[in-house]
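# A structural walkthrough
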Amino acid sequence: MNIQAGDIVARRSYDCDVLFRVERIAENGIVHLAGEDLRLYADAPYDDLVPMSRDELKAYRKQTAKKEAYSFRLFRQDYQLLKMKRDYTATGGYVREDRYFELPGKVLHLDGDANYLKKCLALYEKLGVPVYGHFVKETNMAQEICGWMEKVNPDIVVLTGHDAYVRSKGAKHELNAYRHSRDYISAVKSARSMISHLDHLVIFAGACQSHFEGIIRAGANYASSPRRVNIHALDPVYIAAKISLTSFMDRVTVWEALKNTLSGEKGVGGVETKGILRTGMPIAGSHDDEDDSSPSNE
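The structure reproduced in this document is the subject of the present report. Positions within a chain are numbered from 1, following the residues in the order the chain's sequence is written. Only residues with pLDDT of at least 70 get local features here, since the model is predicted, and only at 80 or more are side-chain atom pairs given and counted; chain-wide, interface and lining totals rely on the full set of residues. The side-chain quantities take in all heavy atoms of the structure and omit both hydrogens and water.

Next up on the list: the side chain of D235. Numbering of helices and strands runs from the N terminus, with a helix taken as a DSSP run of H or I at least four residues long and a strand as a DSSP run of E at least two residues long. One can find D235 in helix α6 (residues 235-244). Throughout this description, buried means an accessible area under 20% of the type-specific maximum (1.4 Å probe, protein chains only), exposed means over 50%, and partly exposed covers the range between. The sign given to each residue is positive for Lys and Arg and negative for Asp and Glu; His and the chain ends receive no count. What makes a salt bridge here is a side-chain nitrogen of Lys or Arg within 4 Å of a carboxyl oxygen of Asp or Glu, nothing more. One buried charge, D235, has no salt-bridge partner; the nearest side chain with opposite charge is R39, at 7.8 Å. Pairing of N or O atoms within 3.5 Å defines a polar contact, subject to two protein rules: one partner must be a possible hydrogen donor and the other a possible acceptor, and residues neighboring in sequence count only if both atoms are side-chain atoms. A polar side-chain atom of D235 sits 3.1 Å from the main-chain amide nitrogen of H232.

Next comes the structure, spelled out in structure tokens:
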């Protein structure tokens, strides 16, 4: 068995329940792992790892793609319902034929995993959400978030990457028992030092098994993970997109925000939050030519 950095493996001791990407192999034989689709960090002895065959990996990715496609379809259905509501409001109950434009909320997404960031940016694009994404290690987020906020001026901030609860380091309520929850908490506090109101800046923070209560208390609108379970790589995107594409006249209940995520209420939670999208009119250049021929006042 020859395992190298970048290989996809599973842990024999956990019945191969989660697939991981090999990050690095330490000199002591401990292999550092990052979840292939879950925002989870872990390590394992070299001998505990099982390489995935090409056929096994193909079957796994096919099943994962099916789940992701289902979530995407549900989200698009919700979006279409919201769009119909905005059409009705903007046209005075379909009385007028007014054309309008939309300004969805802008997202700043800092991710501790460059591969996940690429997947997330692709999904934001499919959903029509304006986003600026940047790879930042979890340990550096608190130092960098304010600079990125000044540059991007976002409506929504996503702070995510990897995390894990390590039972041997303490009880679930102890921050020292988590790989990166303290980093997310510090980053949220830094962001809130710039914009304190929860409706003026919406924040999602956390990853797999993160210290949910601590992140929420620090000032996040949404966080993971209430039941200390694993969350999918794309879950933060669905939360941010729901807020971005909901009118500022409407409030998003926690259940509405969570229902299109792949991990649900066990993996993500939060507080009721206002939407951000605004509609406007008219669309530049949409007037009839006859409007330009009206008499001038000269």
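Now that the structure is up, let's keep going.
Side-chain pairing between opposite charges can occur once the charged atoms of the two side chains come close. Evaluated as defined, the whole model comprises ten salt bridges. Measuring nitrogen to oxygen at the nearest pair gives 3.4 Å for the salt bridge that ties D37 to K119. One end of the pair, D37, is in the loop between β3 (30-35) and β4 (41-45); the other, K119, is in helix α2 (residues 114-127), with 82 residues separating them in the sequence. The exposure class of D37 is buried, given its relative accessible area of 8%. A salt bridge links R179 to D43, with the nearest nitrogen and oxygen atoms 3.0 Å apart.

Before going further, it helps to spend a moment on the packing of aromatic side chains. Any Phe, Tyr or Trp ring, taking Trp's six-membered ring, that has another such ring centre within 6.5 Å forms a pair; planes under 30 degrees apart are called stacked, those over 60 apart edge-to-face, and the others tilted. Across all of its chains, the model carries three aromatic pairs by this definition. Look at F75 and Y238: their rings are 5.7 Å apart centre to centre, the planes differ by 50°, and that puts the pair in the tilted class. You can see F75 sitting in helix α1 (residues 54-90) and its partner Y238 sitting in helix α6, a full 163 residues away along the chain. Looking at F75, the relative accessible area reads 3%, which means it is buried. Centroid distance Y165 to Y178: 5.2 Å. Interplanar angle 40°. Geometry classified as tilted. Residue Y165 is located in the loop between β9 (156-160) and α4 (181-194), and its partner Y178 is located in the loop between β9 and α4; the two are separated by 13 residues in the primary sequence. What makes Y178 buried here is its relative accessible area of 7%. A positively charged side chain is recorded as over a ring if its NZ (Lys) or CZ (Arg) lies within 6 Å of the ring centre. The angle to the ring normal must also be within 35 degrees. One residue, R11, lies across the ring of Y14, its end atom 3.9 Å from the ring centre.

To continue, consider α4. Expected helix span is computed as 1.5 Å times (number of residues minus one). Helix length check: α4, at 14 residues, gives a terminal C-alpha distance of 21 Å against a target of 20 Å (1.5 Å per residue), a fit within 8%. Within α4 the residues assigned to the buried category are S181, D183, Y184, I185, A187, V188, S190, A191 and R192. The secondary structure elements touched by the buried residues of α4 are α3 (141-152), β9, β10 (202-205) and α5 (212-218). Contacts between residues were defined by any pair of non-hydrogen atoms, one from each residue, lying within 4.5 Å.

Moving on, we come to the sheet that holds strand β1 (residues 8-11). In a beta sheet, neighbouring strands are held together by backbone hydrogen bonds and run either parallel or antiparallel to one another. Should DSSP find at least two bridges between two strands, the strands are taken to pair. Ordered in space as β4-β3-β2-β1-β5, the five strands form an open sheet in which the pairing is antiparallel. The open sheet has two edge strands, β4 and β5 (49-51), and neither has a second partner. Taking each pair of neighbouring strands and ignoring which way they run, the sheet shows an average axis angle of 50°. Here β3 pairs with β4 via five bridges, running antiparallel. Along β4, the bridge assignment pairs I30 with P45. Between N-to-C directions, angles span 0 to 180 degrees; the directions come from axes that are lines fitted to C-alpha atoms, helices contributing only their stretch in contact.

Don't take any of this as a statement about function, it's just geometry.
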